[in-house]
Amino acid sequence: METSESVPSSSKLGSCEVCARNEAQYTCPRCEVKTCCLACAKVHKQELECSGIRDRTKYIPINKFTNLDLSSDYRLLEEITRSVDLLKKNSSRKPTRLNHELPNHLYKLSKATTARKTTLKFLPRNFVRHKRNTTRLHFASDVVYWHIDWIFPNADNLKLCDDNVPETERLSTLTHRHLANENKLIRERLQYYIAVDLPGIKLLLKAEQKPGQKYYELDPLESLKDNLRNKIIIEYPTIHVVLKEHLHLYDVIESDEEVYIDASVCNGNDLANRIIKSAEEDDLDSSLKNLLFISEYSDEEISD
């Protein structure tokens, strides 16, 4: 294998984080990985499943918050308002989908999860979260195969996705697969998690349709099916993997505190009202952390 001597980099960005041979020329707007050329940029997008599009809802510390960030937030709010208005106009022509009006495969999936004491709700079809959802029911075996998003807050909110996860899988098995990822860039970002391994990690599920940021603690030794019992899931579960020493930073509640809502579909108007209500209930000091975007759907924009 060829080796090359490391040459001190004169670039302000340092060396390319993909090839480590050339000076970096570009910074990814989304994950901030430094690359030297288009080829390396494409490699990082494939390996990290990065879109390369700046996350307009990413948390920005108050000491780094600029007028440009405020302007960006304002424009995003305007876009949300226009999207909600559009949904209102469309809803006047087409009734909101109810469970019995769902496509047959989603209706059967909803019935199957209800039998497992899991309430599965669906967003309107033009939401990105709905389009990304690959959760399905295997009719012959009566097994639900879930799509799961994994968020690693202590790795700069790295998001990893799983598809076709059988409900019988233990969460510890699923988590270990990500910690054992052989991708070099991912392992570097997960170094803190890999160091503490499963004993030093807590798994949290976002409590849907509850004010503020509340979470359920999941049992890694139980199956996905058991962990989702008595929970509301909108499209698919999003699991936050946090270091045990940071658990006190999260508002963890018990499953029996959940309040069920009859509507099986969240419409755009409800979504906008929930975003506004969430922001109003937050403390004023914390509201500067990207005000109005502290929501379970902040990363799920409405698509055209």
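Calculation criteria
Residues numbered from 1 in each chain as written. Predicted model: local features only at pLDDT ≥ 70, side-chain atom pairs only at ≥ 80, totals over all residues. Heavy atoms only, no water. UniProt positions renumbered as here; feature names shortened; annotations may be inferred. 1 Å grid on protein atoms, 1.4 Å probe; cavity = no way out; pocket = protein on both sides within 12 Å on 5 of 7 lines; lining within 4 Å. Points joined across faces, edges and corners; volume = space filled by probe spheres on them. Disulfide = S-S within 2.5 Å. Buried < 20%, exposed > 50% of the residue type's maximum accessible area, 1.4 Å probe, protein only. Helix = DSSP H or I, 4+ residues; strand = E, 2+ residues; numbered from the N terminus. Expected span 1.5 Å × (residues − 1). Arc of directions from axis to C-beta. Contact = heavy atoms within 4.5 Å. Pairing = 2+ DSSP bridges. Core = buried A, V, L, I, M, F, W, Y, C linked by side-chain atoms within 4.5 Å. Domains from an automatic or database assignment. Phe/Tyr/Trp six-rings, centres within 6.5 Å; stacked < 30°, edge-to-face > 60°. Lys NZ or Arg CZ within 6 Å of the ring centre and 35° of its normal.

Under the annotation held in an unreviewed UniProt entry, the protein carries the name Box C/D snoRNA protein 1 and is attributed to Photinus pyralis. Of the comments in the UniProt record for the protein, the one headed Sequence similarities (unreviewed entry) reads "Belongs to the BCD1 family." Listed under Function (unreviewed entry) in UniProt, the entry text for the protein is "Required for box C/D snoRNAs accumulation involved in snoRNA processing, snoRNA transport to the nucleolus and ribosome biogenesis."

Novice: What exactly am I supposed to notice about empty space enclosed by the protein here?
Specialist: Sizing a probe to match a water molecule and rolling it over the atoms shows the empty space that remains. Applying the stated criterion to the full structure yields 1 cavity of 30 Å³ or more. Computed from the structure, the largest cavity encloses a volume of approximately 40 Å³.

Novice: What should I look at first to understand the state of the cysteines in this one?
Specialist: Covalent bonding between the sulfur atoms of two cysteines is what defines a disulfide. Using the criterion set out here, one finds 0 disulfides in the structure. Lacking any disulfide linkage, C37 is separated from the closest cysteine sulfur, that of C36, by 3.7 Å. You can call C37 partly exposed: its relative accessible area is 28%. The thiol of C40 is unpaired, and the distance to the nearest cysteine sulfur, on C36, comes to 3.8 Å.

Novice: Explain helix α3 (residues 104–115) here, please?
Specialist: Here α3 is 12 residues long and its end C-alpha atoms lie 17 Å apart, about the 16 Å a rise of 1.5 Å per residue gives. Considered for burial, the residues of α3 that qualify are L106, L109, S110, A112 and T113. Around the axis of α3, the buried residues are gathered within 160° of arc, so they sit on the same side. In this structure, α3 carries N104, K111 and A115 as exposed residues pointing more than 90 degrees from its buried face. On its buried face, α3 is in contact with β3 (119–121), α4 (128–132), β4 (136–138) and β5 (143–152). K117 sits one or two positions beyond α3 and adopts a positive phi of about 65°.

Novice: Where do I start with the pairing of strand β10 (residues 238–243) in this structure?
Specialist: Taken across its 6 residues, β10 has 6 buried, putting it largely inside the fold. Burial of β10 is two-sided: the residues T238, H240 and V242 facing one way and the residues I239, V241 and L243 facing the other way are all buried. By the bridge criterion, 5 bridges tie strand β7 (residues 201–206) to β10 in an arrangement that is antiparallel. Note that in β10 the partner of K202 across the bridge is V242.

Novice: I would appreciate a short explanation of the nonpolar core in the present structure.
Specialist: Nonpolar side chains tend toward joint burial in soluble globular proteins. Counting residues in hydrophobic clusters, the biggest one holds 41 residues, and the most contacted among them are W150, F152 and Y193. Of all the elements in the fold, those that place two or more residues in this core are α3, β5, β6 (158–166), α5 (171–179), α6 (184–189), β7, β8 (214–218) and β10. No fewer than three residues from each of domain 1 (12–55) and domain 2 (117–252) sit in this core. The residues contacting W150, other than those within four sequence positions of it, are L158, K159, L160, D162, L171, L174, T175, H178, L203, I239 and V241.

Novice: Explain the packing of aromatic side chains here, please?
Specialist: Geometrically, a pair of aromatic rings is defined through the distance of the ring centres and the angle of the planes. Within this structure, the stated rule accounts for 2 aromatic pairs. For the ring pair F152 and Y193, a centre distance of 5.1 Å and an interplane angle of 85° mean the geometry is edge-to-face. Of this pair, F152 sits in strand β5 while Y193 is found in helix α7 (residues 191–196), placing the two residues 41 residues apart along the sequence. On the accessibility criterion, Y193 (0% relative accessible area) is buried. Ring plane angle 80° and centroid distance 5.4 Å describe the contact between Y215 and Y250, whose orientation is recorded as edge-to-face. Pair noted here: Y215 is in strand β8 and Y250 is in the loop between β10 and β11 (251–253), with a separation of 35 residues, a long-range link. Taking relative accessible area as the criterion, Y215 reaches 7% and is therefore assigned buried. It is R136 that lies over the ring of Y145; its NZ or CZ is 4.7 Å from the centre. Lying over the aromatic face of Y216, K231 brings its terminal NZ or CZ to 5.2 Å of the ring centre.

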